[in-house]
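Coordinate inspection notes
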Amino acid sequence: MGFARNYSTTENASEPASAITNVSDAVNQVLSPETLGEAAAKIGDFKAMGLCNFTPVGGLEAMLEALHVMSGMPWWATIATATVLVRLALLPLMIKIQRNNAHMMNLNPEVTRLMNNLKTAQQEGDSVGVGKYSGELQALFKKHNCHPMKSLGLPVIQMPVMISFFLALRAMAEIPVPGLQTEGTAWFTDLTAQDPYYALPVISCAGVLAVLEAGTEVGAANPQSRTMKNFFRVVSLAMIPFTYWMPSGVFVYWITSNCVSITQILALKNPAIRKALDIPQLVRPASELQKNSKSFMENFREQTMHHEKLEKEKALRERQRAAAMARRAAKRRF
């Protein structure tokens, strides 16, 4: 009897332990990366993770989710494909900007002459000359359907897109979205982690520099962009120590975007493509067309000096007027 009681107690004690083990195995199976990956491969699950809100960033996250689920591509290929699709959507705007910049490049010698005449008239206080040269400048822009302000269109659009990609990919990496930690490629298999070899930041920097150096060859830059170009050269090099910590997925976007930009620049060197897109050929190399153009800082210094000169002349006239009034007042007393 005592043996039977002891045996029964041991058998009953082993049953809960066995049940706990089975439950633990089931939980581990449910929470395994493979199972989570399958669960995440459904449109709508990003929203359950706190993504896909009603902002440009949320819209981009929804696009990435839909592309990943529908295509079945790994995450690195999904990010690269989404980048190409967004850049293609911006292509019509880019062509308009290139057309405008090419016209501005060809007109730069005439624009420079009119601007110099305009500044001289302003410095001499010649209001008739100011009106004349301002009118000629606007007429020149209207005749060729171009304007310096139009060149700002592409950066104004591209900057929010770049920021949206960065915020979306960083938010996805912080969760992290299932699959991002395993669906990279080459040496950066974990898209949520920084590149351990720092190669991606260097490649991204090299791509930015390549775009900057090649851009003006086809009229992709504004004639007044020399200072901005030098500024972005410095920024590109400084980007490496400031961005090395970013998730590898962000660099997949940046490198792909740089590749698209370089491809566009190479395509625009083809005269047949330029003709088909109604982008005029440069009458002379961009370096010659920009030779007599003053940089932004040079124009800023000239305007500052002119303003200071006007202020000094105004102060002198006020002092002379005050002195004359004081002399007249003194004569009245006597």
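As shown above, the structure is provided for reference.
Sequence positions are assigned chain by chain, starting from 1 and proceeding in written order. Given that this is a predicted model, residues contribute local features only at a pLDDT of at least 70 and side-chain atom pairs are listed and counted only at 80 or more, while totals for whole chains, interfaces and linings are drawn from all residues. Water and hydrogen atoms were dropped before computing side-chain values, which therefore reflect all heavy atoms in the structure.

Considerations on the overall build of the protein
Only DSSP runs of H or I with at least four residues qualify as helices, and only runs of E with at least two residues qualify as strands; both kinds are numbered from the N terminus onward. Secondary structure assignment for the protein yields 14 helices and zero strands. Mapped in sequence order, the helices and strands of the protein form the string α-α-α-α-α-α-α-α-α-α-α-α-α-α. Accessibility here uses a 1.4 Å probe with only protein chains present; expressed as a share of the type maximum, an area under 20% marks a residue as buried, one over 50% as exposed, and anything in between as partly exposed. Taken across its 334 residues, the protein has 33% of its residues classed as buried. Across the protein, the fraction of contacts at a sequence separation of at least 24, relative to all contacts at a separation of at least 6, is 72%. Pairs of residues are marked as contacts when any of their non-hydrogen atoms sit within 4.5 Å.

Some thoughts on unusual backbone geometry
Omega for the bond connecting I175 with P176 falls within 30 degrees of zero, at -15 degrees, which places this linkage in the cis form. Looking at the element boundaries, P176 is found in the loop between α8 (153–174) and α9 (199–215). With a phi angle near 60 degrees, Y198 is a residue other than glycine that sits in the positive phi range. Residue position: Y198 is located in the loop between α8 and α9.

Comments concerning the nonpolar core
The nonpolar core is taken to be a set of buried Ala, Val, Leu, Ile, Met, Phe, Trp, Tyr and Cys residues, with the residues joined through side-chain atoms within 4.5 Å. Within the largest apolar cluster, 29 residues are counted, with the highest numbers of intra-cluster contacts made by F46, W75, F165, L169, M172, V177 and L191. Taken together, the elements giving at least two residues each to this core come down to α4 (56–71), α5 (75–89), α8 and α11 (248–267). Of all the elements, α11 adds the most residues to this core, at six residues. If near-sequence neighbours (up to four positions away) are discounted, V177 is found in contact with F46, M49, L51, W75 and M172. With eleven residues, the next largest nonpolar core counts V111, L114, L118 and F141 among its residues.

Notes on the pattern of salt bridges
Salt bridges, as used here, are contacts in which a Lys or Arg side-chain nitrogen is within 4 Å of a carboxyl oxygen on Asp or Glu. With the rule as written, the count across this model stands at one salt bridge. In this structure, R113 and E110 form a salt bridge, with 2.5 Å as the shortest nitrogen-oxygen distance. Taken as a pair, R113 and E110 lie in helix α6 (residues 91–123) at a separation of three residues, close to a single helical turn. Classification of E110 as partly exposed rests on a relative accessible area of 32%.

Observations concerning α11
It helps to recall that an α-helix has 3.6 residues per turn; residues three or four apart then point in one direction. A helix is expected to span 1.5 Å for every residue after the first. With 20 residues, α11 extends 29 Å between its outermost C-alpha atoms, agreeing within 8% with the 28 Å of an ideal straight helix rising 1.5 Å per residue. Burial runs high along α11: 15 of the 20 residues are buried.

Remarks on the environment of S71
Along the chain, the position of S71 falls in helix α4. A distance of 2.5 Å separates a polar side-chain atom of S71 from the backbone oxygen of L67. Pairs of N or O atoms are called polar contacts if they sit within 3.5 Å, as long as, within protein, a hydrogen donor faces a hydrogen acceptor (for residues adjacent in sequence, only side-chain-to-side-chain pairs). A polar atom in the side chain of S71 sits 3.2 Å from the backbone nitrogen of M73.

Section: the side chain of T83
Along the chain, the position of T83 falls in helix α5. Judged by its relative accessible area of 1%, T83 falls in the buried class. Of note is the side chain of T83, whose polar atom sits 2.8 Å from the backbone oxygen of I79. Residues contacting T83, with those up to four places away along its chain left out, are F165, Y253, T256 and S257.

Overview of a nonpolar patch on the surface
Surface patches are defined over residues having more than 30% relative accessible area and no salt bridge, joining like charges when they lie within 9 Å and nonpolar side chains (Val, Leu, Ile, Met, Phe, Trp, Tyr) when within 5 Å. A 1.4 Å probe and the Shrake-Rupley method give the accessible areas. Residues count as covered only by the protein chains that appear here. On the surface, M149, L152, V156 and I157 cluster together into a nonpolar patch covering about 380 Å² of accessible area. Along the chain, I157 falls in helix α8.

A closer look at the environment of E136
Inspection of the secondary structure puts E136 in helix α7 (residues 127–143). You can call E136 partly exposed: its relative accessible area is 32%. Expressed as a C-alpha distance, the spacing of E136 and V111, which sit 25 residues apart in the sequence, is 9.5 Å.

Some points on the packing of α5 against α8
Lines fitted to the C-alpha atoms define the axes, with helices restricted to the stretch that makes contact. Angles between their N-to-C directions range from 0 to 180 degrees. It is at 12 Å that the axes of α5 and α8 come closest, and there the two elements cross at 165 degrees. Relative to α8, α5 is oriented roughly antiparallel. You can see that α5 and α8 cross each other, and the crossing is right-handed. Across the interface between the two elements, W75, I79, A82, T83, V86 and R87 from α5 touch Q158, V161, F165, L169 and M172 from α8. Note that the term roughly parallel is reserved for angles under 35 degrees, roughly antiparallel for angles over 145, roughly perpendicular for angles of 65 to 115, and oblique for everything else. Each crossing gets its hand from how the near helix is turned against the far one by less than a right angle, where anticlockwise is left-handed and clockwise is right-handed.

Describing α4
Between its first and last C-alpha, α4 extends 22 Å over 16 residues, near the 22 Å set by a 1.5 Å rise per residue. Residues of α4 that are buried include every one of V57, G58, L60, E61, L64, E65, A66, L67 and H68, and no others. The secondary structure elements touched by the buried residues of α4 are α3 (45–48), α5 and α8.

Here we look at the side chain of T243
Along the chain, T243 falls in helix α10 (residues 226–243). A relative accessible area of 6% places T243 in the buried class. Of the polar contacts made by the side chain of T243, one reaches the backbone oxygen of M239; its length is 2.5 Å. Once residues within four sequence positions are removed from consideration, T243 is found in contact with P201, F251 and W254.

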